Amino acid sequence: MRILMLGNSFTSTNDLPQILAERTGSEAIQHTRGGARLSEQLNPNTGVGSRTHEALANERWVFVVLQVMSHVPITAPKSFFSSVERLCGQIRRNGSVPILFATWAYQKGGEKLTAKGWDYDAMAHRLSAAYHQAARENDALIADVGRQFWERADTQSLYAADGVHPSPLGSRIAAETLAAVIQQYKEKQL
């Protein structure tokens, strides 16, 4: 089974694709760049977009995972929803199943969250709502990693020192959440 992961440093940190590959017995390839947005994955004139365009046109994938820059679903929703819709179309034409990798709010009480002037719970709920809406509108699977973070944030160390990126445990939880969605989908297909 082949999995293509489109995203940024939230996907590449702690070698999440390798952890997912091990959990699912698959090959996981990443097209990532720190700070990348899904709109960049759509643009064949960018490095990551060129690779993604080529991969979706000429290679076969069972699943394609979409992960966008952390705050884009709530700060640039029009771009987020449009990019998800266009990418899901390309993914389906490839014969693949799209999975939205719903990310997490910045660490509660962390510098980045404070600097943005955002409330932790509000950011978590708004991100989750945007990802769930995009999944419904595009008949995509959703791996709500952000919800897993929200439920465990007070009891586990999920964040790197920057309060934004995942710790190794956070990446493992992300891989487990993605793997569970893949397994559930495969079981339904039997």
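Residues numbered from 1 in each chain as written. Predicted model: local features only at pLDDT ≥ 70, side-chain atom pairs only at ≥ 80, totals over all residues. Heavy atoms only, no water.

Undergrad: Can you walk me through the pattern of salt bridges in this structure?
TA: Pairs can form between side chains of opposite charge whenever their charged atoms are close. Considering all chains together, one arrives at 6 salt bridges under this definition. With a shortest N-O distance of 3.3 Å, Arg23 and Glu176 are connected by a salt bridge. Of this pair, Arg23 sits in helix α2 (residues 16-24) while Glu176 is found in helix α10 (residues 168-189), placing the two residues 153 residues apart along the sequence. In this structure, Asp154 engages Lys108 in a salt bridge whose closest nitrogen and oxygen atoms are separated by 3.2 Å. Placement of Asp154 in the loop between α9 (145-152) and α10 and of Lys108 in the loop between β4 (97-102) and α7 (111-116) is noted, with a sequence separation of 46 residues between them. With a relative accessible area of 64%, Asp154 lands in the exposed category. (Salt bridge = Lys/Arg side-chain N within 4 Å of Asp/Glu carboxyl O. Helix = DSSP H or I, 4+ residues; strand = E, 2+ residues; numbered from the N terminus. Buried < 20%, exposed > 50% of the residue type's maximum accessible area, 1.4 Å probe, protein only.)

Undergrad: Explanation requested: α10 in the structure shown.
TA: Helical periodicity: at 3.6 residues per turn, an α-helix aligns residues three or four positions apart in one direction. In a regular helix each residue adds 1.5 Å, so 22 residues correspond to 32 Å; α10 covers 32 Å between its end C-alpha atoms and thus fits that length. Here α10 has its buried residues at Gly170, Ser171, Ile173, Ala174, Ala175, Thr177, Leu178, Ala179, Val181 and Ile182. Residues of α10 that are buried sit in contact with β1 (2-7), α2, β3 (63-66), β4, β5 (141-144) and α9. (Expected span 1.5 Å × (residues − 1). Contact = heavy atoms within 4.5 Å.)

Undergrad: Even after reading the chapter, I still don't get the sheet that holds strand β2 (residues 27-32), so can you show me in this structure?
TA: Strands in a sheet are paired, the pairing made by backbone hydrogen bonds, and the direction either parallel or antiparallel. Across the sheet, which stays open at both edges, the 5 strands sit in the order β2-β1-β3-β4-β5 with parallel pairing between neighbours. Looking at strand neighbours, the two that pair on one side only are β2 and β5, the edges of this open sheet. Here the strands of the sheet are splayed against their neighbours by 20° on average, with no regard to which way each runs. The pairing of β1 with β2 spans 6 bridges and is parallel. By the bridge assignment, Arg2 is partnered in β2 with Glu27. (Pairing = 2+ DSSP bridges. Axes fitted to C-alpha atoms, helices over the stretch in contact; angles between N-to-C directions.)

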